[in-house]
Amino acid sequence: MYKRTDVKVWFACNNYCTFCVQGDKRFKFQPRKLEEIRNILDTEYNDGCKYVVFTGWEPTVHPNLVEAVAYAKQIGFKQIQIQSNGTTFHDVDYTKSLIAAGVTEFSPSIHWFHAETHDTQVQTPWAWKKVIKGLIVLKQLNQIIIINSVITKDNYREAPELAALLLKIGVNQFQFAFVHILWSAAKNKETVVPRKSDVIPYIHKALDLAKKHGVPAYTEAIPYCLMQGYEWAIAENIMPETSVIDAEYKIDSYADYRWSEWKAKRKDCKKCSKNDVCEGPWKEYPEIYGWDEFTPV
Ligand code: SF4
């Protein structure tokens, strides 16, 4: 597995997700200039990264994304991913230009099965239709598709239907990420953050479907005590060592950052057989729902 770097190319976006974790950065920061992106890629490559994820808010609205991808390929990155809200891949010419430049995998998001559920959450009309059209284009162009879907109060009941749809389209992998309770998600926490034990039966059903079809599927930010029998699907176990190049700072190790800054454990976790490998929930979660759901294994 290659060491990875997540490069945020800028913070503009064509969606306004109710659960966005990038807050008001879109009003603060200009797009990174191509020269700056090239310098970042040089530094991260020399630091041992061979896998780059272009992200941001929405990287595909950056005017120089194609050139940035071409540069990453030219200097030797082996794996090049575009992490996106998925609303631009329906443009066949643009998607072909990304592939020609060197993209090796696409990671669009879909939030979830029903168009209305998705569009209400991303607060953009017709967004779901564009994402689905984009997935079809990516399939027709034989691309690797890795889906990310954020679990919220509005959508979790649709997990099994969404899994069935993604399997029908033929994606290569999908992941359900429990909403990270920061920025917009924190502001909207009453309406956005579900109780994990309500979510679990639906997520497990979706994982069962993926397993039956032999398609890798994962969850993020759901601890082992709620994933018994489904430990194979815990995404934190397969995440490569990753640096994150944010607007004003760099995180050298995303894993260390999650353990030290973003996740939390209860006192009783010390008695748990998974304590050494489990990161616990996002630290804001027990402030809403307490610790009762997390029983040591
Ligand atoms: S009890 Fe704590 S350490 Fe054990 S699985 Fe749950 S959150 Fe993780």
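Residues numbered from 1 in each chain as written. Predicted model: local features only at pLDDT ≥ 70, side-chain atom pairs only at ≥ 80, totals over all residues. Heavy atoms only, no water.

A. Spotlight on the overall build of the protein chain. Within the protein chain, the secondary structure is distributed over 12 helices and 9 strands. Principal axes of the C-alpha set define a box for the protein chain whose edges measure 50 × 40 × 40 Å. Residue burial in the protein chain is summarised as follows: out of 297 residues, 56% are buried. For the protein chain, the separation between the mean place of its 37 positive charges and that of its 36 negative charges on side chains is 2 Å. (Helix = DSSP H or I, 4+ residues; strand = E, 2+ residues; numbered from the N terminus. Buried < 20%, exposed > 50% of the residue type's maximum accessible area, 1.4 Å probe, protein only. Lys, Arg positive; Asp, Glu negative; His and termini not counted. Charge placed at Lys NZ, Arg CZ, Asp CG, Glu CD.)

B. Region of the structure containing the layout of surface pockets. In this structure, the second largest pocket spans a volume of roughly 170 Å³. Around the second largest pocket, the lining residues are Tyr-16, Cys-17, Cys-20, Gly-23, Asp-24, Arg-26, Phe-27, Trp-57, Gln-123, Trp-183, Ser-184 and Lys-187. At the level of secondary structure, the elements contributing two or more residues to the lining of the second largest pocket comprise helix H1 (25–28) and helix H8 (183–187). Of the residues in the lining of the second largest pocket, the class split is 6 nonpolar, 3 polar and 3 charged. (1 Å grid on protein atoms, 1.4 Å probe; cavity = no way out; pocket = protein on both sides within 12 Å on 5 of 7 lines; lining within 4 Å. Points joined across faces, edges and corners; volume = space filled by probe spheres on them. Nonpolar A, V, L, I, M, F, W, Y, C, P; charged D, E, K, R; others polar.)

C. Focus on the site of the ligand. As a structural note, the neighbourhood of the ligand is formed by Pro-223, Tyr-224, Cys-225, Cys-269, Cys-272, Asn-275, Cys-278, Thr-295 and Pro-296. Of the pockets mapped on this structure, the ligand occupies the largest cavity. When its residues are assigned to classes, the shell around the ligand shows 7 nonpolar, 2 polar and no charged. (Near = heavy atom within 4 Å. Sits in = over half its atoms within 2 Å of the grid points.)

D. Focus on helix H7 (residues 159–169). Of all 11 residues in H7, 8 are buried; the element is thus mostly enclosed. Taken residue by residue, H7 has Ala-159, Pro-160, Leu-162, Ala-163, Leu-165, Leu-166, Leu-167 and Ile-169 as its buried positions. Of the surrounding elements, those touching the buried residues of H7 are helix H6 (127–140), strand S5 (146–151), strand S6 (173–178) and helix H10 (196–212). Following H7 by one or two positions, Gly-170 adopts a phi angle in the positive range, close to 95°. (Contact = heavy atoms within 4.5 Å.)

E. The pattern of salt bridges, seen in detail. This structure, assessed with the given rule, holds 12 salt bridges. Between Lys-250 and Asp-252 there is a salt bridge whose closest N-O contact spans 3.7 Å. Given a relative accessible area of 34%, Lys-250 falls into the partly exposed group. For Asp-252, a relative accessible area of 56% translates into the label exposed. Here Asp-268 and Lys-271 are joined by a salt bridge, their closest N and O atoms 3.3 Å apart. The class of Asp-268 is partly exposed, set by a relative accessible area of 26%. Within this structure, Lys-3, Glu-44, Asp-47, Lys-250 and Asp-252 form a network of salt bridges that share partners. (Salt bridge = Lys/Arg side-chain N within 4 Å of Asp/Glu carboxyl O.)

F. Examining the sheet that holds strand S7 (residues 217–220) more closely. Read across the open sheet, the 3 strands follow the order S5-S6-S7; overall the sheet is parallel. Looking at the sheet topology across the chains shown, the edges are occupied by S5 and S7. Strand-to-strand twist across the sheet, computed as the mean angle between neighbouring axes with direction ignored, equals 20°. With 4 bridges joining them, S6 and S7 adopt parallel strand pairing. When the bridges of S7 are listed, Phe-176 appears paired with Thr-219. (Pairing = 2+ DSSP bridges. Axes fitted to C-alpha atoms, helices over the stretch in contact; angles between N-to-C directions.)

G. Spatial organisation of the sheet that holds strand S4 (residues 105–108). Read from one edge of the open sheet, 6 strands run S4-S3-S2-S1-S8-S9, paired in mixed fashion. Because the sheet does not close on itself, it has two edges, and the strands there are S4 and strand S9 (250–251). Relative to S4, strand S3 (residues 79–84) runs parallel, the two sharing 4 bridges. Within the sheet, the bridge partner assigned to Ile-82 lies in S4 and is Phe-106.

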